[in-house]
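Structural overview for review
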Amino acid sequence: MRLEANPRPAELFRVGDELAAAASAVNGDARRALTLASSLASVPRPGEGRTRQLFDTLSTLGAADLTAARVVEAHLDALAILHQAGYPARPDQTWGVFAAEGPGTTLTAMPADGGWRLDGTKPWCSLARLLSHALVTAHVARPDGTTGRRLFAVDLRQPGLTAHDDVWVARGLAQVTSGPVDFSHVAADPVGDDGWYLSRPGFAWGGIGVAAAWCGGAVGLARTLYHSVHSRIPDQIALAHLGAVDLAVTAAHTSLAAAAAAIDAGAADGEAGSILAARVRGIVARTVDDVIFHIGHALGPAPLALDARHAQRVADLQLYVRQHHAERDDAALGHMLVATGSAPW
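For clarity, every value in this text was computed on a predicted model and none was experimentally measured. (Residues numbered from 1 in each chain as written. Predicted model: local features only at pLDDT ≥ 70, side-chain atom pairs only at ≥ 80, totals over all residues. Heavy atoms only, no water.)

1. Things to note about the packing of aromatic side chains
- In total, this model carries 4 aromatic pairs according to the counting rule given.
- Ring geometry for Trp-116 and Phe-152: centres 5.4 Å apart, planes at 55 degrees, overall tilted. You can see Trp-116 sitting in strand S3 (residues 115-126) and its partner Phe-152 sitting in strand S5 (residues 147-155), a full 36 residues away along the chain.
- The class for Phe-152 is buried, based on a relative accessible area of 0%.
- Measuring from ring centre to ring centre gives 5.3 Å for Tyr-197 and Phe-203, while their planes differ by 85 degrees; the resulting arrangement is edge-to-face.
- Classification of Phe-203 as partly exposed rests on a relative accessible area of 35%.
- The ring of Trp-196 carries the charged tip of Arg-200 above its face, separated from the ring centre by 5.8 Å. (Phe/Tyr/Trp six-rings, centres within 6.5 Å; stacked < 30°, edge-to-face > 60°. Helix = DSSP H or I, 4+ residues; strand = E, 2+ residues; numbered from the N terminus. Buried < 20%, exposed > 50% of the residue type's maximum accessible area, 1.4 Å probe, protein only. Lys NZ or Arg CZ within 6 Å of the ring centre and 35° of its normal.)

Okay, structure coming up:
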């Protein structure tokens, strides 16, 4: 697949027709998405000079099929983390990242038999039954009596793992099941030191990659609206909705392009990277909400009722974008801005 290194504005989110066609062929099938993910080893890693190509690739996937984007993004994020840690990964492996925490569930890691073992429950483990491997965060005891979090590489094909897919009832991303997994004396390899996963340069960049996939989903919906105005003479209301969608998508694309440039320039580490990621994710999340609103008002119920791909894209995107925690993430951004001690504008 040929990927354009620097797509022109007129080629917004069109990083190769072959890639878009391959993603479209996934059509919500998680196994096909994993096959696609394993074929994209040449996609650039963030912070190595071609971050915009990475974000455009994720957006292209999202515009074609959000299951493809959701699965590929997590796989590529895991590969980037492994590379940063100097941990080898084979081409035949498929990876996810299980880093969520939840009330009432704890996963602990303890040294055992010259290695490490994981015990407990980890929530929100996407595709645990289908992936070969995952990067998993677990709690470790420190010498001072406190508890920290450490990242581990886990072969998901070993005994001692029980995935609870039955709790996943979502209509969006229906095959990207994300239920809890029970770990019982499961062997694991440490990846980085205690606290490295959260403090490493580039932790925030993965969240921007997710936003690029969201943005692609919004572009897919925007194209439905654009094509609709060519099927009949649009009235002023339709044109107003199209204009509003263009403003939202263009703002999201601009924020992603600026973020990619900042990452490659070394200007998105530490606190600056956290603020950048919060801003970009917030901008793109609002774009998604705005586009879904305008598409619904412009086109009415027909595409939701009669166009299977459109209806699936809306359901997928509404669920996927809820990885952004709305006002809570806005409040977290506000807290970071206050902590800088000076007005950011």
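2. Digging into the packing of helix H4 (residues 66-85) against helix H10 (residues 308-320)
- Orientation of H4 relative to H10, taken along the N-to-C sense of each, is 35 degrees, at an axis distance of 9 Å. Touching Leu-66, Thr-67, Ala-69, Arg-70 and Glu-73 of H4 are Arg-313, Asp-316, Leu-317 and Tyr-320, all from H10.
- Along the lines of polarity and charge, the residues of the contact of H4 with H10 split into 4 nonpolar, 1 polar and 4 charged. (Axes fitted to C-alpha atoms, helices over the stretch in contact; angles between N-to-C directions. Contact = heavy atoms within 4.5 Å. Nonpolar A, V, L, I, M, F, W, Y, C, P; charged D, E, K, R; others polar.)

3. Observations concerning the pairing of strand S7 (residues 178-190)
- Where S3 lies against S7, 8 bridges are found, and the strand directions are antiparallel. Its bridge partner being in S7, Ser-126 is matched across the sheet by Ser-178.
- Relative to S7, S5 is paired through 2 bridges, and the arrangement is antiparallel. Bridging across to S7, Phe-152 finds its partner in Pro-190. (Pairing = 2+ DSSP bridges.)

4. Points about the environment of Val-291
- With respect to the element layout, Val-291 can be found in helix H8 (residues 270-299).
- With 72 residues separating them in the primary sequence, Val-291 and Val-219 have C-alpha atoms 8.6 Å apart.
- Contacts of Val-291, omitting those with residues within four sequence positions, involve Ala-218, Leu-221, Ala-222, Val-245, Ala-248 and Val-249.

5. Things to note about the nonpolar core
- Counting residues in hydrophobic clusters, the biggest one holds 86 residues, and the most contacted among them are Leu-118, Phe-183, Ile-208 and Trp-214.
- With 15 residues, helix H6 (residues 203-231) is the largest single contributor of residues to this core.
- Dropping the residues within four chain positions of it, Ile-208 is found in contact with Phe-55, Leu-256, Ala-259, Ile-263, Leu-276, Ala-277 and Val-280.
- Listed in part, the 10 residues of the second largest apolar core include Ala-78, Leu-82, Val-191 and Tyr-197. (Core = buried A, V, L, I, M, F, W, Y, C linked by side-chain atoms within 4.5 Å.)

6. Some remarks on the pattern of salt bridges
- For the structure shown, the criterion picks out 13 salt bridges.
- Between Arg-32 and Asp-29 there is a salt bridge, with the nearest N and O atoms lying 3.9 Å from each other.
- Using a relative accessible area of 45% as the deciding quantity, one classes Arg-32 as partly exposed.
- The partner of Arg-90 in a salt bridge is Asp-92, and the shortest N-O contact between them spans 3.0 Å. (Salt bridge = Lys/Arg side-chain N within 4 Å of Asp/Glu carboxyl O.)

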